[in-house]
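Summary of structural features
Chain by chain, the residues:
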Amino acid sequence: MNREPGNREPTNRRTEPTNREPGTGNPRTSRSPPLWYKVLNVTNHAEPIHAHAIADIRFIRETMERAAAFTAVPGWGGVVMGVSACLTAAIAGRPDDSARWIGIWLGDAALAAGVAVVAAARKARRSGVLLSSAPAVKFGLAYAPPLAAGVVLTVVFAATGLGTRLPACWLLLYGTAVATGGAFSVRVVPIMGLCFMALGTAAFVAPPALGHWFMAAGFGGLHIAFGLVIAKRYGG
Amino acid sequence: MADKSVASRQSPLVRAEQAKLAKKSPLELDRLIHERLRLGIISALAVNDRLTFNDLKRLLRTTDGNLSVHARKLEEAQYIVCTKSFDGRVPRTEFSLTAAGRRALEKYLAHMEAIIKAVRE
């Protein structure tokens, strides 16, 4: 299939001889076109050379993106996590610094983590990348530290009576994790992280009683919205 | 990111290729990396310091035999370097791009860009 651009034009010029075109009065060709015409006619109708060039550049870009970025961020998994967060916000209600409220959200976090891992593994398998590949490892290494900080701060906030401020803390640190991990993924992922960070910052400014609305808007709304975008644009 | 850096360095190359097109002198297409799988290997290695045989195989969705044949050709042309080692008892084959390989990819990209620009102008 290697075609030298310089070779194509002379080939095309030979495809339509003035006196031997099939079906135009030549008695020899009234039956069916000769083999040489069929072969050369394929070349005549082939894509122009610049279309090949565009396809080649697109192929190079897509290969580089797949090789460099962690593309197994699960879109549909995000939607499921979002729906689950909306239900959790309805069940848990307003943040009240109780062990029950924190426990419900930690349960949802564990469920969401499970959904994310399974969905990412399925997407990675489908798209032929390994979760142990270099981009995936970089994503994980950048994603984990803010989450670890979130675990520490959850304990500190709960122990010091700041449980009502946990929604802002969780949104901010989860957003940081997504934004830093997203540096090794497709562009929409760090944007999602920044949205979480903005929402977390707003939650710190807003009255603590509105925390469950911020949780529903962030872990619910943002997950669903960005999950749909990722699923549509990046294959599931 | 890495493809942007390649793109930013290639404009003189693109101009050179366009000049060739303008003079109607024949463009030298690097047939070695024009083939899809070899182009894929070079492109993937351009954005990673090194990739294992299995990484490349999964990334390019190809077979062991196909990948090793094409990788060997790139290695013979000194576009890539193959390093064999052991991870415990498991053999590990890693590939990385050489300076010649990176130059070849940049020239190939410039060539393609020149063709597209020539048609658009």
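Preceding block: the structure.
Read on for an overview of the structure. Sequence positions are assigned chain by chain, starting from 1 and proceeding in written order. Numbering of ligands from 1 and lettering of chains from A proceed in the order in which they are written. Totals for whole chains, interfaces and linings use every residue, but because this is a predicted model, local features are given only for residues with pLDDT of at least 70 and side-chain atom pairs only at 80 or more, for both listing and counting. With hydrogens and water excluded, all non-hydrogen atoms of the structure serve as input to the side-chain values.

**Some thoughts on the overall build of chain A**
The following threshold applies: Think of it this way: any DSSP run of H or I at least four residues long counts as a helix, any run of E at least two long counts as a strand, and we number them from the N terminus. In this description, contact between two residues means that some pair of their heavy atoms is separated by no more than 4.5 Å. For the accessible areas, the method is Shrake-Rupley and the probe is 1.4 Å, while residue cover comes only from the protein chains on display.
Along chain A, the regular secondary structure elements total 9 helices and 0 strands. Along chain A, helices and strands appear, N-terminal first, in the series α-α-α-α-α-α-α-α-α. Sequence-distant contacts in chain A: of pairs separated by 6 or more residues, those separated by 24 or more amount to 72%. Carbon together with sulfur atoms contributes 67% to the accessible area of chain A, which is approximately 12400 Å² in total.

**Some details on the packing of helix α5 (residues 53-60) of chain B against helix α6 (residues 64-76) of chain B**
When two helices pack together, their arrangement is given by the angle between their axes and by how far apart the axes lie. All names here are of chain B. To keep it simple, the criterion reads: Axis definition: a line fit to C-alpha positions, over the contact stretch in the case of helices; interaxial angles, taken between N-to-C directions, run 0 to 180 degrees. For classification, angles of less than 35 degrees are called roughly parallel, those exceeding 145 degrees roughly antiparallel, those between 65 and 115 degrees roughly perpendicular, and all remaining angles oblique. Each residue is assigned to one class: nonpolar for Ala, Val, Leu, Ile, Met, Phe, Trp, Tyr, Cys and Pro, charged for Asp, Glu, Lys and Arg, and polar for all the others, Gly among them.
It is the contact of α5 with α6, at a shortest axis distance of 10 Å, that shows an interaxial angle of 110°. With respect to their mutual orientation, α5 and α6 come out roughly perpendicular. Touching F53, L56 and K57 of α5 are D64, L67 and S68, all from α6. Of the residues that constitute the contact of α5 with α6, the class distribution is 3 nonpolar, 1 polar and 2 charged.

**Some thoughts on the interface of chain A and chain B**
Rule in force here: Buried area: the accessible surface (1.4 Å probe) lost by two parts on joining, summed over both. Think of a salt bridge as a Lys or Arg side-chain nitrogen and an Asp or Glu carboxyl oxygen that are within 4 Å of each other. Here a polar contact means two N or O atoms within 3.5 Å. Within protein one must be a hydrogen donor candidate and the other an acceptor candidate, and residues neighboring in sequence count only if both atoms are side-chain atoms.
Taken together, the 25 residues of chain A in the interface contact 30 residues of chain B. Buried surface at the junction of chain A and chain B, summed over both partners, amounts to about 2600 Å²; 64% is from carbon and sulfur atoms. For the pair chain A and chain B, the number of links is 1 salt bridge. In this structure, the salt-bridge partner of R36 of chain B is D56 of chain A, at a minimum N-O distance of 3.0 Å. Our enumeration of links across chain A and chain B arrives at 3 residue pairs in polar contact (both at pLDDT 80 or more).

**Side note on the nonpolar core**
To keep things clear, this is the line we draw: We define the nonpolar core as a collection of buried residues of types Ala, Val, Leu, Ile, Met, Phe, Trp, Tyr and Cys that are connected through side-chain atoms lying within 4.5 Å of one another. Relative accessibility thresholds used throughout: buried, under 20% of the residue-type maximum; exposed, over 50%; partly exposed, between the two (1.4 Å probe, protein chains only).
Ranked by size, the top nonpolar core spans 38 residues in total, and within it W101, W105, W170, L171, V189, F196 and F219 of chain A carry the most contacts. For this core, the leading source of residues is helix α7 (residues 166-182) of chain A, giving 8 residues. Once residues lying within four places of it in the same chain are set aside, the contact partners of F196 of chain A are L171, L172, Y174, G175, G218, F219, L222 and H223 of chain A. The next biggest cluster of nonpolar side chains, apart from the first, holds 35 residues, and it includes A46, Y79, I80 and A104 of chain B.

**A few points about the environment of L147 of chain A**
In this fold, L147 of chain A is placed in helix α6 (residues 134-159). Expressed as a C-alpha distance, the spacing of L147 of chain A and A177 of chain A, which sit 30 residues apart in the sequence, is 6.3 Å.

**Things to note about the sheet that holds strand β3 (residues 90-97) of chain B**
Residue and element names in this part refer to chain B. What counts is decided by this rule: For two strands to count as paired, DSSP must find a minimum of two bridges between them.
The strand order β1-β3-β2 describes an open sheet built from 3 strands, whose pairing is antiparallel. Of all the strands in the sheet, the pair left with one neighbour each is β1 (51-52) and β2 (80-87). Those strands touched by helix α4 (residues 36-46) are β1, β2 and β3, and its axis lies near 85° from that of β3.

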